[in-house]
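Residues per chain, in single letters:
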Amino acid sequence: MRPPRLRIVALSLLAGIAGPAGAQVPGQNNAITDVPGISVGHYTGADTGTTVVLAASTTGQGVAGGVTQRGGSPLTRETDLMRPDNMVEIMNAIVLSGGSAYGIAAASGVMRCLETNGVGFPVGGGNVVPIVPTATTFDRATCNAPPASRPDFTSGLQACLAASGGPVAEGSVGAGTGAVSGGVKGGIGTASVVLPNGIVVGALVSLNSEGTAYDGKGDLYAASLLLGNELPALTKAGGPANRVPPSLPGGALRSGTNVVVATNVQLTKSQATKIAEMADDGISRAVNPAHTAGDSDTLFVLGTARLAIDTLGDANAVVTQIGTAGANAVSRAIVHALVAAKSTSCQPSYCDTFPAACRNRP
Amino acid sequence: MRLHTALGALLTQLALATAAFSQALPQTPGPKNAITDVPGIEVGHYTANNGAGGMTGTTAIIARGGATAGVTQRGGAPGTRITDLLKSEKAVGTAHAVVLSGGSAYGLAAADGVTTCLESQGVGTPVANGVLVPIVPSAILFDPGRCAPFNFRPDASFGTNACLAANNGPVAMGNVGAGAGARSGGIKGGIGTASAILPNGVVVGAIVAVNSSGSTFNASTGQFFAGYIASTPDAIVALAPSPAEAERDDLLRATTIAVVATNARLTKAQANKIAQMADDGLARALRIAHGTGDGDTVFTLATGTVTGNPNLNQIGGAAADALSRAIIRAIRAAKGIHVGTCNVNSYCELFPGNCPP
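Throughout what follows, the structure given in this document is the object of discussion. Keep in mind that this is a model prediction, so the values were computed, not measured.

1. Topic: unusual backbone geometry
All names here are of chain A.
1) Next: Here the amide bond leading from Asn288 into Pro289 is cis, since omega sits at -5°, within 30 degrees of zero.
2) Next: If you trace the backbone, Pro289 turns up in the loop between α6 (281-286) and β14 (298-307).
3) Next: Phi at Leu253 is positive, roughly 65°, even though this residue is not glycine.
4) Next: Topologically, Leu253 is positioned in the loop between β12 (200-207) and β13 (258-265).
5) Next: For Leu253, a relative accessible area of 1% puts it in the buried group.
6) Next: With a phi close to 55°, His291 is a non-glycine residue in the positive phi region.
7) Next: Following the sequence through the fold, His291 ends up in the loop between α6 and β14.
8) Next: For His291, a relative accessible area of 14% gives the class buried.

So, in structure tokens, the structure goes:
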């Protein structure tokens with residue numbers, strides 16, 4: 001799908017020749033795992049799945065996090081704990097899952113996986129309670145009714161055991177397995193950016209939106225936010241308006257785009273919460289409508305604390321910089337998700353719906 | 001004539017106001033003095049005991065027909081799920097159960113068992129593709145490692161068993177369900193429940209798992225801070241001074257979690273308001289309450305069989321008092337544990353004169 005080595009060469013060229021001084025470039029894998037301390041694992045079932053984003057400080061502890069929750073049909077866990085006025089300051093993992101409210105069970109499997117490795121909030125006696133905030137959504141693309149499978153404890157355990165740094169699979173995997181975006185197949189997408197001052201920001205989205213990500217001609221709203229030639233497969237669709245599939249009919253608990261944004265900067269919970277609010281604009285720019293009554297839309301932020309914020313300048317300016325980069329990374333990850341998604345027996349992909357837009361794909 | 005009518009109306013209002021006030025202190029309990037006095041509410045406990053004094057468990061409060069739900073979350077160390085959905089502006093306002101559980105965040109797994117149990121019973125919100133989704137918010141308390149290995153904790157099967165045990169009869173209190181492993185200010189905590197019948201036929205009930213860092217009573221007299229709210233059936237008797245030499249539990253490992261229910265018909269925004277008011281009952285009964293290590297969370301379930309414009313202040317005030325009473329009843333019902341090296345006193349062991357048979 002994306003040969004990483006070629007990508008590195010291309011990016012090096014981009015940075016060294018084409019890029020103006022101080023240009024923003026994607027990280028090595030153009031993935032959330034470009035943020036040090038972040039690893040990702042997918043569990044992919046028959047028509048649903050689970051994705052876990054693990055976060056570790058340099059000492060293996062959890063990291064500060066924040067959340068914004070703007071969709072009207074949220075299915076979440078441990079989001080109260082993430083509020084800045086509450087005590088626990090560290091998050092160990094974020095779980096995104098299909099399976100509607102049932103999929104929340106995957107978080108318990110991730111907790112088991114982390115506890116086994118001694119990772120979690122220390123509660124004395126060497127015991128830990130892993131902090132695993134979670135957001136799930138209803139898989140709209142299931143070709144079976146009722147669905148043939150749903151995420152459970154084991155799905156979370158497997159996703160956690162599969163977690164690694166490096167390239168992240170996109171499209172119909174993990175929490176994006178059964179996802180739909182408007183009238184085309186949704187899925188997992190990821191993107192990253194390295195800022196000139198050394199800040200790295202990455203995003204991972206599970207795109208399952210009620211709204212569409214393309215305009216009346218089939219062109220993606222967020223394509224203009226792509227960095228350089230990061231997605232050579234994508235060109236203009238330019239199709240006639242009557243070929244555009246409509247958004248699926250909505251309804252409570254039917255859809256939702258859940259997201260994790262990560263950065264290598266050390267954040268407080270309040271700063272992470274502010275960054276979450278800004279990064280959420282990345283959904284707004286890429287999907288229309290966003291945050292509907294039926295959408296779960298929940299966005300988490302993690303700061304892995306490799307860079308002290310004081311060393312980067314005014315803290316509020318840095319928060320704004322990360323929030324801006326985060327929003328763009330979210331929009332880009334949504335584009336990546338759509339281009340990576342493959343058609344299923346009941347849900348065509350973006351590229352199969354608008355082949356002209358993807359005519360450069362390998 | 002017109003003056004008479006106006007005077008009559010004024011007198012009626014005064015009488016109603018007096019009735020409302022006299023209703024508040026003390027309350028008239030329902031026949032079970034339990035949250036199950038609220039039509040449509042069932043309770044099921046599942047309790048585990050390791051034989052060495054270690055206990056934990058799960059309590060499921062089930063509204064099989066669905067109930068309008070709200071929540072307030074004021075403790076500083078919460079472990080919760082599906083609370084975002086209960087915000088007033090979100091699309092879904094109906095919950096089918098609330099799960100209270102021990103086990104810290106691990107215990108959230110019990111709600112998964114309640115969810116699948118309700119699904120198998122045909123209870124839930126229809127979504128699409130034939131999927132029925134029971135909406136099961138949950139909050140947990142910290143009890144792991146008390147007279148038991150740290151991994152002695154509720155899992156999904158606890159929720160399944162609590163769900164299968166649910167009924168609308170009398171509700172066991174003390175060392176059961178989510179209160180099995182609970183402590184309160186250094187003594188044994190537990191499950192308590194209470195109800196109140198309001199003059200207009202509205203029923204309000206509360207159930208609570210008291211696992212507080214703060215205490216519920218004056219350590220030298222045994223007098224409950226919220227004793228003035230208790231009604232005769234709550235069986236408060238003469239106070240007998242007695243020394244209380246109990247060690248305070250770690251302030252970072254606590255949590256009091258509760259559900260208040262009513263048969264009034266509420267909107268979700270109203271259910272959230274009732275939860276906020278009911279939380280005052282927790283504040284009156286516990287000193288301290290809502291600390292940094294407390295996960296204090298209060299849910300509302302409104303089954304809505306009594307239609308008409310609800311008197312929110314009356315219901316919220318009654319819910320607060322019912323919650324205070326439920327906390328006292330939890331502490332009085334709790335039994336001390338004395339198994340080998342596992343020793344925790346109960347309130348009634350410390351103040352036997354306050355606990356007539």
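2. Re the packing of aromatic side chains
Residues and elements named next belong to chain B.
1) Next: Scanning the model with the defined rule gives 10 aromatic pairs over all chains in all.
2) Next: Considering the side-chain rings of Tyr106 and Phe150, the 6.3 Å spacing of their centres and the 85° angle between planes classify their relative orientation as edge-to-face. Placement of Tyr106 in the loop between β4 (94-101) and α2 (109-120) and of Phe150 in the loop between β7 (138-140) and α3 (156-164) is noted, with a sequence separation of 44 residues between them.
3) Next: Under the relative-accessibility criterion, Tyr106 is labelled buried at 5%.
4) Next: When its relative accessible area of 10% is taken as the criterion, Phe150 is described as buried.

3. Structural notes on the sheet that holds strand β3 (residues 64-69) of chain A
All names here are of chain A.
1) Next: Across the sheet, which stays open at both edges, the 5 strands sit in the order β3-β14-β13-β12-β11 with mixed pairing between neighbours. A single partner strand is all that each edge strand has here, and the edge strands are β3 and β11 (187-194). Each adjacent strand pair in this sheet contributes to an overall mean axis angle of 15°, direction not counted.
2) Next: Alignment of β13 against β14, held across 7 bridges, turns out to be parallel. The residue of β14 that forms the bridge with Thr263 is Gly303.
3) Next: Set on the sheet, helix α5 (residues 269-279) makes contact with β3, β13 and β14; between it and β3 the angle comes to about 40°.
4) Next: Relative to the sheet, helix α7 (residues 315-340) contacts β11, β12, β13 and β14, its axis offset from that of β11 by approximately 140°.

4. Focus on the nonpolar core
1) Next: Counting residues in each nonpolar core, the largest one holds 50 residues, and the members touching the most others are Leu220, Leu234, Val261, Val330 and Tyr350 of chain A.
2) Next: At the level of elements, β11, β12, β13, α5, α6, β14, α7 and α8 (350-353) of chain A are the ones that each hand at least two residues to this core.
3) Next: Considering every element that reaches this core, the biggest residue donor is α7 of chain A, with 12 residues.
4) Next: The next biggest cluster of nonpolar side chains, apart from the first, holds 49 residues, and it includes Val128, Val173 and Ile188 of chain A together with Phe150 of chain B.

5. Let's talk about the interface of chain A and chain B
Put simply, an interface is often sized by how much accessible area is lost when its parts join up.
1) Next: Counting residues at the interface gives 43 residues for chain A, matched by 41 residues for chain B.
2) Next: Of the roughly 3,300 Å² buried between chain A and chain B, counting both surfaces, carbon and sulfur atoms make up 58%.
3) Next: By the criterion of area lost to chain B, the three top residues of chain A are Asp80, Met87 and Tyr102 of chain A, representing 19% of everything that side buries.
4) Next: At the junction of chain A and chain B, the tally comes to 2 salt bridges.
5) Next: For the side of chain A that touches chain B, the secondary structure elements donating two or more residues are β4 (76-77), α2 (79-82), α3 (106-116) and β7 (128-129) of chain A.

6. Regarding the pairing of strand β11 (residues 203-210) of chain B
Note on strand geometry: in a regular strand, side chains alternate between the two faces of the sheet.
Residues and elements named next belong to chain B.
1) Next: Among the 8 residues of β11, 8 are classified as buried, and the element is accordingly described as predominantly covered.
2) Next: On β11, burial covers both faces: Val203, Gly205, Ile207 and Ala209 on one face and Val204, Ala206, Val208 and Val210 on the other are all buried.
3) Next: Taking the residues between adjacent antiparallel strands as the criterion, strand β10 (residues 190-197) and β11 are bridged by 5 residues, where Gly201 takes a positive phi near 90°.
4) Next: Note: β11 against strand β12 (residues 257-264), 6 bridges, orientation antiparallel. Bridge pairing links Gly205 to Ala261 in β12.

7. A look at the state of the cysteines
1) Next: A complete count under the given rule lists 5 disulfides over all chains for this structure.
2) Next: Across the disulfide, Cys351 of chain A is cross-linked to Cys358 of chain A (sulfur-sulfur distance 2.0 Å). With the S-S dihedral at roughly -70°, the linkage between Cys351 of chain A and Cys358 of chain A falls on the left-handed side. Each member of the pair, Cys351 of chain A as well as Cys358 of chain A, is classed as buried.
3) Next: Disulfide partner of Cys147 of chain B: Cys342 of chain B, at an S-S distance of 2.0 Å. The S-S bond linking Cys147 of chain B to Cys342 of chain B shows a torsion near 80°; that makes this disulfide right-handed. Placement of the pair is Cys147 of chain B in the loop between β7 and α3 and Cys342 of chain B in strand β15 (residues 342-344), with a sequence separation of 195 residues.
4) Next: According to the relative accessible area criterion, Cys147 of chain B is partly exposed, its value standing at 27%.
5) Next: Exposure remark for Cys342 of chain B: the relative accessible area of 3% places this residue in the buried category.
6) Next: When the bonded cysteines of chain B are numbered from the N-terminus onward, they pair as 1-3, 2-4, 5-6.

8. Notes on the environment of Gly228 of chain A
1) Next: Topologically, Gly228 of chain A is positioned in the loop between β12 and β13.
2) Next: Put simply, Gly228 of chain A and Ala286 of chain A are 58 residues apart on the chain and 18 Å apart in space, counted from C-alpha to C-alpha.

Reading the values: the criteria
Each chain carries its own residue numbering, running from 1 in the direction its sequence is written. Numbering of ligands from 1 and lettering of chains from A proceed in the order in which they are written. Side-chain atom pairs in this predicted model are given and counted only at pLDDT of 80 or more, local residue features only at pLDDT of at least 70, and totals for whole chains, interfaces and linings cover all residues. Computation of side-chain values covers all heavy atoms of the structure but excludes hydrogens and water. By the criteria applied, helices consist of DSSP H or I runs no shorter than four residues and strands consist of E runs no shorter than two, each listed in order from the N terminus. Per-residue accessibility, obtained with a 1.4 Å probe over protein chains only, is compared with the maximum for each type, and a residue is labelled buried under 20%, exposed over 50%, and partly exposed between these values. The aromatic pairing rule takes the rings of Phe, Tyr and Trp, using the six-membered ring of Trp, and pairs them if the centres are within 6.5 Å, calling planes under 30 degrees apart stacked, those over 60 edge-to-face and the rest tilted. Strand pairing is assigned whenever DSSP detects at least two bridges linking the two strands. Axis definition: a line fitted to C-alpha atoms, limited for helices to the stretch in contact. Angles are taken between N-to-C directions and run from 0 to 180 degrees. When checking whether two residues touch, look at their non-hydrogen atoms; a contact exists if any pair is within 4.5 Å. Joining through side-chain atoms within 4.5 Å is the link that ties buried Ala, Val, Leu, Ile, Met, Phe, Trp, Tyr and Cys residues into a set, and such a set is a nonpolar core. Put simply, buried area is how much 1.4 Å-probe accessible surface two parts lose in total, over both of them, once they are put together. Every case where a carboxyl oxygen of Asp or Glu lies within 4 Å of a side-chain nitrogen of Lys or Arg is listed as a salt bridge. Two cysteine sulfurs form what is called a disulfide whenever their separation falls within 2.5 Å.

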